[in-house]
Structure formats: structure tokens, C-alpha cells
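Single-letter residue listing:
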Amino acid sequence: SSEKTYQHLLVSTPKPGVGLVQINRPKALNALSTPLIAELNTCLRALQSETSISAIVLTGSEKAFAAGADIKEMKDLTFSSAYGRDFIESWSDLITFLKKPLITAVNGYALGGGCELAMMGDIVYCSKTAVFGQPEIKLGTIPGAGGSQRLTKAIGKSRAMEAILTGDNIKAQQAGEWGLVARVFETPQECVDGAIKTAEKIAGYSQITVKAAKEVVNKSLELGLRDGVEYERRVFHGLFGSKDQKIGMGAFTEKKKAEWSNE
Ligand code: CAA
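The chain is annotated in an unreviewed UniProt entry as Probable enoyl-CoA hydratase, mitochondrial from Delitschia confertaspora ATCC 74209. According to the UniProt record, the Pathway (unreviewed entry) comment for the chain is "Mycotoxin biosynthesis." Recorded in UniProt for the chain, the comment headed Sequence similarities (unreviewed entry) runs: "Belongs to the enoyl-CoA hydratase/isomerase family."

The following block contains the structure:
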């Protein structure tokens, strides 16, 4: 369960319905080694199936969200072993299977795989200390966990090209202005608290509605406008079959607070 202890993660429930996962590998600035990613997978799967958890916050330390894939582990990899075991595939798998909202709260370095992991959040928050970047080019490689795709979708081609081709960092304020993050907080603590607060708010809604809302927004990244709008409308229609749509609109009409059934 989510109470399990991990070597590289700290897991807690700071508010009802909210799971907080903190990456904790300080000696390597939270570099994302294979064992760490395996733990993150296990942990997120546990939170996913925990009915008392409705939203998840993923953060690192004040110094580093994550300084990337583990370079020391990766350096001697060959093409055939990387291709053979589809190195890094399990990273995005772990996030894309998640049906519950995930907020990433970024303080300090979010470089390479760290930036890619941050961008896998449904909502990305950061503090002024955050430093984003895809510095792989300096190592003789390229982003491998979705960076070239997600960064381009988040900030546009020209800015993403500049970041990926130069390896230059993107500072917090810039990340805010470009929409890489939804909000920039003053301090790391405020960033994590802000993420928990947002998660708590989301956890207060009908979980069936939250799931549908996340699903339709994600579809916009995959579908053209016409298909996307139609998909949204079908899911919207489907929600008239839920109890919580009746509860929500009924409560509005009766000027009462909705008590969700999650059905
Ligand atoms: N992998 C393995 N170890 C790492 C690491 C990484 N990505 N990042 C930092 N560390 C280790 C350092 O080797 C160091 O360990 P030792 O004390 O044993 O030497 C420790 O963490 C502390 O790091 P520094 O001494 O370098 O700390 P700093 O404050 O001087 O610098 C930093 C911080 C600028 C983030 C620097 O550590 C750095 O440049 N890290 C690498 C960033 C990077 O290139 N990330 C991309 C990785 S490739 C990738 O992620 C591929 C992909 O797309 C999936």
C-alpha cells in the first residue's frame, strides 16, 4: 500500500485525499536511476489503487526536483541493450497510466529526465529556485523521456529548439511566462504547500468528474480539434448517467453544498 517504505521516496498523506511523494536521493541530486524509477512506479500504482487518495503531488528536495537520468548508470549502455529493454519506456508508462491527477512541484534542478518527469505532471508548479533544462546535448545525446515532444507542446517550437539545441537552462520566471508551469511560487515550501492545496481542492470534487475532466484535456494533445471536441461532448453526455451530475446540479438548484457520491 502507500504506507510502504521506500529507499528513494518519502510518501505521506498531508491532507485527506492527497498523496505526497517526495523523491529522496540527495547524494545524487535525485538522479533518476532504474531502481528509483521502479520504486516510483510501484508507489504511484499503489496510490492509484488506494481509494482514499484522489490526487497526487510529486516533488523533490529544495535543491533538486531531479538532476536527470542517472548518467553514471547510463554511460556504458550499448545500443542493443538500450533498445533491447526499451530503456526509459517505463518512465512515461508510469505516468500515462495514471488516472488520478498528478501535480509536480518543482524546486531546484529539473534537468534532462528531471525536466521530462516534471512535464509529465497534469499541473506543473515551481518556485523561484527552479531551473529547467534539457542539457542532454552536452552529454552527446538527446532527451529520451519525452522532452522533445512535451517541451515543444508546452512552450512552442522555437523556444524548445533553442533549449534542446543549446542545452541552456530555463529559469523559473521564464518557465512561468512561457506557460511551462502554471504558477511560480516565492519559496520551495510555498510551492509544495500550493500543490497540496490544489490537490486538496481537486480531491473535494466528484472523483468520477475529475477523471473525465483529466481524460478530455489529455485527448486534446492527441486529437485534432474536430475529433477532440466531439470526444469531449460524448464524455459530457456520458456524465448525465452519473449520480454526481444529479447531485451537483441538484445542489446548485437547492442552494446547498454538493455531497459527492463518486458514482
Ligand atoms: N546522474 C548521476 N549523478 C548525478 C547526476 C545525474 N544526472 N546529477 C548529479 N549527480 C551527482 C553528481 O555526480 C555528484 O555526485 P558525487 O558527489 O558523487 O560527485 C552529486 O550528484 C552532486 O552533484 P554536483 O556535485 O554536480 O552538484 P552541483 O551543485 O555542482 O551541480 C548540477 C548541480 C548542475 C545539476 C550538476 O550536477 C549537473 O549538471 N548534473 C547533470 C545534469 C544533466 O546533465 N542531466 C541530464 C541527464 S541525461 C538525461 O536525463 C537523459 C534523458 O533524457 C532521460
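### What about the site of the ligand?
Taken together, 23 residues surround the ligand, and among them Ala69, Lys72, Gly113, Glu116 and Glu136 come closest. One nitrogen or oxygen atom from the side chain of Lys63 is found 3.1 Å from an oxygen atom belonging to the ligand. The contact in question runs from a nitrogen atom of the ligand to an N or O atom on the backbone of Ile71, over 2.9 Å. When the free accessible area of the ligand is taken as 980 Å², the share hidden by the protein chains comes to 65%. At the level of elements, helix H2 (71-74), strand S6 (109-111) and helix H5 (113-119) are the ones that each hand at least two residues to the shell around the ligand. In terms of residues, the shell around the ligand owes the most to one element, H2, which gives three residues. Residue composition of the shell around the ligand, grouped by class: 13 nonpolar, four polar and six charged.

### Points about the pattern of salt bridges
Oppositely charged side chains can pair when the atoms bearing their charge come close. Enumeration over the complete set of coordinates arrives at six salt bridges. We note a salt bridge from Arg25 to Asp70, for which the minimum N-O separation is 2.9 Å. Taken as a pair, Arg25 in the loop between strand S2 (18-23) and helix H1 (34-49) and Asp70 in the loop between strand S4 (64-66) and H2 lie far apart in primary sequence, 45 residues in all. Across the salt bridge formed by Lys128 and Glu186, the nearest N and O atoms sit 2.7 Å from each other. Of this pair, Lys128 sits in the loop between strand S7 (123-127) and strand S8 (131-133) while Glu186 sits in the loop between strand S10 (183-185) and helix H9 (188-203), placing them 58 residues apart in sequence. A relative accessible area of 53% means that Lys128 is categorised as exposed.

Parameters at a glance
- Residues numbered from 1 in each chain as written.
- Predicted model: local features only at pLDDT ≥ 70, side-chain atom pairs only at ≥ 80, totals over all residues.
- Heavy atoms only, no water.
- UniProt positions renumbered as here; feature names shortened; annotations may be inferred.
- Near = heavy atom within 4 Å.
- Polar contact = N/O pair within 3.5 Å; in protein donor to acceptor, adjacent residues only side chain to side chain.
- Areas by Shrake-Rupley, 256 points an atom, 1.4 Å probe, with all protein chains shown as cover.
- Helix = DSSP H or I, 4+ residues; strand = E, 2+ residues; numbered from the N terminus.
- Nonpolar A, V, L, I, M, F, W, Y, C, P; charged D, E, K, R; others polar.
- Salt bridge = Lys/Arg side-chain N within 4 Å of Asp/Glu carboxyl O.
- Buried < 20%, exposed > 50% of the residue type's maximum accessible area, 1.4 Å probe, protein only.

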